[in-house]
Amino acid sequence: MDNLVSTQWLAQNIGASDLRIVDASKHLDPSRNARAEYEASHIPGAVFMDLDSLVDSNAASPNTLPSPEKFASRMQKLGLGDGSRIVVYDDSLLKSAARGWFMLTMFGAQYVAVLDGGLAKWKAEGRELESGTVTLRERHYTAWADDRKLRDKDAVLTNIETGREVLVDARPAARFTGEEPDIRPGIPSGHIPGSRNLPHTALFREDGTWKSPDAIREVFADAGIDLDRPVITSCGSGMTAAVLAFALHQIGKQDVALYDGSWSEWAADSTLPTALGPAD
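To keep things clear, this report deals only with the structure shown in the data block. (Residues numbered from 1 in each chain as written. Predicted model: local features only at pLDDT ≥ 70, side-chain atom pairs only at ≥ 80, totals over all residues. Heavy atoms only, no water.)

### Thoughts on the environment of A120
Inspection of the secondary structure puts A120 in helix α5 (residues 118-124). As for A120 and I183, which are separated by 63 residues in sequence, their C-alpha atoms are 26 Å apart. (Helix = DSSP H or I, 4+ residues; strand = E, 2+ residues; numbered from the N terminus.)

### Details of the packing of helix α8 (residues 213-222) against helix α9 (residues 241-250)
Their axes nearest at 9 Å, the elements α8 and α9 cross at an angle of 125°. Relative to α9, the element α8 lies oblique. For α8 against α9, the interelement crossing comes out left-handed. Facing P213, I216 and F220 of α8, the residues of α9 in contact are L244, A247, L248 and Q250. Its residues assigned to classes, the contact of α8 with α9 shows six nonpolar, one polar and no charged. (Axes fitted to C-alpha atoms, helices over the stretch in contact; angles between N-to-C directions. Parallel < 35°, antiparallel > 145°, perpendicular 65-115°, else oblique. Left-handed = near helix turned anticlockwise from the far one by under 90°. Contact = heavy atoms within 4.5 Å. Nonpolar A, V, L, I, M, F, W, Y, C, P; charged D, E, K, R; others polar.)

### Quick look at the packing of aromatic side chains
In the structure shown here, the tally under the stated rule is seven aromatic pairs. Geometrically, the ring pair formed by Y259 and W266 is edge-to-face, given 6.4 Å between the ring centres and 85° between the ring planes. Like Y259, the residue W266 is buried in the burial classification. An aromatic cluster is built from W101, F204, W210 and F246, whose rings are joined through pairwise contacts. The side chain of K95 reaches across the aromatic face of F204, ending 4.7 Å from its centre. The aromatic ring of W122 is capped on one face by R127, whose charged end is 5.6 Å from the ring centroid. (Phe/Tyr/Trp six-rings, centres within 6.5 Å; stacked < 30°, edge-to-face > 60°. Buried < 20%, exposed > 50% of the residue type's maximum accessible area, 1.4 Å probe, protein only. Lys NZ or Arg CZ within 6 Å of the ring centre and 35° of its normal.)

So this is what it looks like as structure tokens:
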């Protein structure tokens, strides 16, 4: 199974005994309820990965990753386990399936793919849908984590001095430059000094499918990002940073880590340096 699968592939393989389909939709728009939308209409057999609850509830920053044990317990209850082939999709402007992919691979799942075009493409093609909640038999999911895929604010602060890794910010350009306010109360706009800006939306075609690997490389090059250096991805709270990480995975780049606290953690700490305007 490739890391990016088509709606046609999923339709042809949907009945496989080891295949698990996961709706990982999450929305910034408060008028949209991801769980309610899932219950109203989802791909047959799909379970709902509640990204809002898959967090460290004791952390100060939103969307902070949960412990490996908490994640494993939740996946077991969804019927995802060791050896499962997992296809993640969303119906979100955040392209939140990438966050689901990142969490699953971070916490040890070996066979994880994102559905190209997500639920919107599935619906546009007139494919079968179902409503309600899917409950699968629990399977064992081994609690494990690859911390090499993460950076914390101390590591990012050190990197400002060393410049060893290039930090890429997935937020919209106006929030990166400071021209528009941040969406979170009390958080200023701006960016981490030395970072580059690549809004996550630049990685998709008009129909919501991913650009080709060659086009993805071109997007990163146009943003002034040197892919010969290791990369740290960032955003507002670790969500669309995963979109950048998945894009880099598609072009075969392995030395990529995600700053999970991202701008919401960084900007809340008045002792840390910030910058306004375009990238240096």
